[in-house]
Amino acid sequence: MTDNVHHAITHPTLSETAAERPRWTAMARGWRGKCPKCGSGPVLRGYLKVNDDCSVCRQEFHHHRADDGPAYLTILIVGHLLAPLIHWVFVTWRPEPLTLFTIFAVGCVGLSLYLLPRLKGAMIGFQWAKGMGGFADPT
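Residues numbered from 1 in each chain as written. Predicted model: local features only at pLDDT ≥ 70, side-chain atom pairs only at ≥ 80, totals over all residues. Heavy atoms only, no water.

Draft legend 1. How the structure looks around the overall build of the protein. In terms of helices and strands, the protein carries 5 helices and 2 strands. Order of helices (α) and strands (β) in the protein, N terminus to C terminus: α-α-α-β-β-α-α. For the protein, with 139 residues in total, the buried portion stands at 30%. Total accessible area computed for the protein in this model is approximately 8,900 Å², and 65% of it derives from carbon and sulfur atoms. (Helix = DSSP H or I, 4+ residues; strand = E, 2+ residues; numbered from the N terminus. Buried < 20%, exposed > 50% of the residue type's maximum accessible area, 1.4 Å probe, protein only. Areas by Shrake-Rupley, 256 points an atom, 1.4 Å probe, with all protein chains shown as cover.)

Given below as structure tokens:
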């Protein structure tokens, strides 16, 4: 048997393996900052740096690239939550513009800082569940 035939027989295809991975479970684990495979080890070290692998199950993460996706989703969510809220607060109470800006600037930054690592973890969980970003499953 040649190496190519042997490789094709012993290793499952990307689509077969990705179909067996639960997407929502992996995304929920990633949202919590845990490994999408085992749910125990951390997926991120520091604030946004992706671990090379899971310290518990050894699932590799170095090939997962979230890039600008989490930032885009953070802006989308924060904008859609705060824009109508700013309008409602202004129409209802007519606060001073500087007061309105100060309160919503702090809220915008706080919500963005809260969401960004969680959305990055969820995106990595999604990529893992779909077999995106390379296939590196040691089991």
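That shown, we press on.
Draft legend 2. Spatial organisation of the packing of aromatic side chains. In total, this model carries 1 aromatic pair according to the counting rule given. Here W88 and W93 contribute two aromatic rings whose centre-to-centre distance is 5.1 Å and whose plane-to-plane angle is 75°, an arrangement assigned as edge-to-face. Residue class for W88 comes out partly exposed when judged on its relative accessible area of 45%. (Phe/Tyr/Trp six-rings, centres within 6.5 Å; stacked < 30°, edge-to-face > 60°.)

Draft legend 3. How the structure looks around a nonpolar patch on the surface. Together, Y47, V109 and L113 make up an exposed nonpolar region whose accessible area comes to about 290 Å². By the secondary structure assignment, V109 is in helix α5 (residues 97–130). (Patch = residues over 30% accessible without salt bridge, like charges linked within 9 Å, V, L, I, M, F, W, Y side chains within 5 Å. Salt bridge = Lys/Arg side-chain N within 4 Å of Asp/Glu carboxyl O.)

Draft legend 4. Structural detail: the environment of N51. As for its position among the elements, N51 is in the loop between β2 (49–50) and α4 (69–93). By relative accessible area, which is 10% here, N51 ends up buried. In sequence terms N51 and H64 are 13 residues apart; their C-alpha atoms lie 9.8 Å from each other. When sequence neighbours within four positions are dropped, the list of residues in contact with N51 reads P42, V43, L44, R45, F61 and H62. Here the side chain of N51 touches P42 through a polar contact of 2.9 Å, landing on its backbone oxygen. (Contact = heavy atoms within 4.5 Å. Polar contact = N/O pair within 3.5 Å; in protein donor to acceptor, adjacent residues only side chain to side chain.)

Draft legend 5. Structural detail: the nonpolar core. In this structure, C35, V43, L44, V50, C54, C57, F61 and I124 together form the largest nonpolar core, which totals 8 residues. Not counting chain neighbours up to four residues away, the residues in contact with I124 comprise V43, L44, V50, F61 and H64. V78, L82, V89 and L100 belong to the second-largest nonpolar core, a separate cluster that totals 7 residues. (Core = buried A, V, L, I, M, F, W, Y, C linked by side-chain atoms within 4.5 Å.)

Draft legend 6. Examining the packing of helix α3 (residues 23–31) against α5 more closely. With their axes 7 Å apart at the nearest point, α3 and α5 run at an angle of 150° to one another. The angle between the axes of α3 and α5 places the two elements in the roughly antiparallel class. Where α3 crosses over α5, the two elements pack in a sense that is right-handed. Between α3, through R23, A26, M27, G30 and W31, and α5, the contact on the second element is made entirely by Y114, L115, R118, L119, G121, A122, G125, F126, W128, A129 and K130. Here the contact of α3 with α5 is built from residues that sort into 10 nonpolar, 3 polar and 3 charged. (Axes fitted to C-alpha atoms, helices over the stretch in contact; angles between N-to-C directions. Parallel < 35°, antiparallel > 145°, perpendicular 65-115°, else oblique. Left-handed = near helix turned anticlockwise from the far one by under 90°. Nonpolar A, V, L, I, M, F, W, Y, C, P; charged D, E, K, R; others polar.)

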